[in-house]
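So you can see what is in the structure, the chains are spelled out below.
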Amino acid sequence: MANYLLARTVLVALGASIALCAHAEAPEQLATTLCAACHGPDGNSVDPSIPKIAGKDAGYLRKQLKHFISGQRSNAQMSPIAQTLSEDAVVDLAKFFSTRIPNLGKVSDAALAASGKQIYEDGNSDTGVPACSGCHQSDGSGNARFPRVGGQHVAYSLQQLMDFKAGRRATDRLMATVGQRLSAQEMKAVAEYMASLDGGIKP
């Protein structure tokens, strides 16, 4: 683990100098050089705190990279790397990872996932929480505005919901509102259920 964290730290420190010529690299090489240490070579991260980006819509990935570049989103690892990417590199990386096949997720609490299914499919009319499936699709496959959530790491999904609730992530007004209306238990349940969805990828 220490070596893994060291590798990530070194990558961030060197990211700016490496990415100066990023636009000239093939997408596969660029992904290996800049992204693989955290997200994995195919976009399937093994660290549950880091998102799987394989199979996400290219338009969504482009938008998030631009948010990191502009400072609308902030992350100690992502921000310094994203801010060195050329426009062409943003397009190429988004397209590359959108064509990778995402791994299925892991559910550790079936009972919690079952309660999350009700919220995901039907929402909570008492608190004004809309059904997640209305935007993220019933299988969690997502689209250009709303990301693929099917098979995502529980820890990452939960952290994003908490960030929307706390105002730490304010890049989507709808999600900020939803986050504020979800209870802590509902967020845990939804995150667990989303991990069980295949996102349209059949095993």
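Preceding block: the structure.
For clarity, every value in this text was computed on a predicted model and none was experimentally measured.

Asks: Mind showing me how you'd approach the packing of aromatic side chains here?
Replies: Here a ring pair, both rings aromatic, is described through the centre-centre distance and the interplanar angle of the planes. A full pass over the atoms with the stated rule returns two aromatic pairs. Seen from their ring centres, F96 and F97 are 5.1 Å apart, and the 75° between their planes marks the pair as edge-to-face. Comparing F96 with F97 shows no difference in burial state: the two are buried. Taking the ring centre of F96 as reference, the NZ or CZ of R100 above it sits at 4.2 Å.

Asks: Is there a simple way to think about helix α3 (residues 58-70) in this case?
Replies: The end-to-end C-alpha distance of α3, which contains 13 residues, comes to 18 Å, matching closely the 18 Å that a straight helix rising 1.5 Å per residue would cover. What α3 keeps buried is the set A58, G59, Y60, L61, Q64, L65, H67 and F68. Among the structural elements, α4 (78-82) and α5 (87-98) are those in contact with the buried residues of α3. Capping of α3 at its N-terminal end is provided by D57; its side-chain oxygen lies 2.7 Å from the backbone amide nitrogen of G59. Count one or two residues on from α3 and you reach G71, which has phi positive near 95°.

Asks: I would appreciate a short explanation of the packing of helix α6 (residues 110-122) against helix α10 (residues 184-196) in the present structure.
Replies: When two helices pack together, their arrangement is given by the angle between their axes and by how far apart the axes lie. With their axes 7 Å apart at the nearest point, α6 and α10 run at an angle of 95° to one another. When the axes of α6 and α10 are compared, the pair comes out roughly perpendicular. Residues L112, A113, S115, G116, K117, I119, Y120 and E121 of α6 pack against Q185, E186, K188, A189, V190, E192, Y193 and M194 of α10. Here the residues of the contact of α6 with α10 are counted per class, giving eight nonpolar, three polar and five charged.

Asks: Would you mind going over the nonpolar core with me for this structure?
Replies: Proteins that are soluble and globular tend to have nonpolar side chains buried together. Formed by 18 residues in total, the largest nonpolar core has its most connected members in L34, L85, L93 and F97. Contributions of two or more residues to this core are made by α2 (27-39), α3, α4 and α5. By residue number, the principal contributor to this core is α5, which donates six residues. Of all hydrophobic cores here, the second largest spans 17 residues; its members include L158, M187, A191 and M194.

Asks: Looking at this model, I keep getting lost on the packing of helix α8 (residues 154-166) against α10. Mind explaining?
Replies: At their nearest, the axes of α8 and α10 sit 8 Å apart, and the two run at 140° to each other. Looking at the two axes, α8 sits oblique to α10. Both α8 and α10 take part in a crossing whose hand is right-handed. Contact residues: α8 offers V154, S157, L158, L161, M162 and K165, while α10 offers M187, K188, A191, E192, M194 and A195. Across the contact of α8 with α10, the residue classes break down as eight nonpolar, one polar and three charged.

Asks: Would you mind going over the environment of T177 with me for this structure?
Replies: Take T177: it is sitting in helix α9 (residues 173-181). Linking T177 and G128, residues 49 residues apart in sequence, is a C-alpha distance of 9.5 Å.

How each quantity is defined
Residues numbered from 1 in each chain as written. Predicted model: local features only at pLDDT ≥ 70, side-chain atom pairs only at ≥ 80, totals over all residues. Heavy atoms only, no water. Phe/Tyr/Trp six-rings, centres within 6.5 Å; stacked < 30°, edge-to-face > 60°. Buried < 20%, exposed > 50% of the residue type's maximum accessible area, 1.4 Å probe, protein only. Lys NZ or Arg CZ within 6 Å of the ring centre and 35° of its normal. Helix = DSSP H or I, 4+ residues; strand = E, 2+ residues; numbered from the N terminus. Expected span 1.5 Å × (residues − 1). Contact = heavy atoms within 4.5 Å. Polar contact = N/O pair within 3.5 Å; in protein donor to acceptor, adjacent residues only side chain to side chain. Axes fitted to C-alpha atoms, helices over the stretch in contact; angles between N-to-C directions. Parallel < 35°, antiparallel > 145°, perpendicular 65-115°, else oblique. Nonpolar A, V, L, I, M, F, W, Y, C, P; charged D, E, K, R; others polar. Core = buried A, V, L, I, M, F, W, Y, C linked by side-chain atoms within 4.5 Å. Left-handed = near helix turned anticlockwise from the far one by under 90°.

The analysis is restricted to geometry; functional conclusions fall outside its scope.
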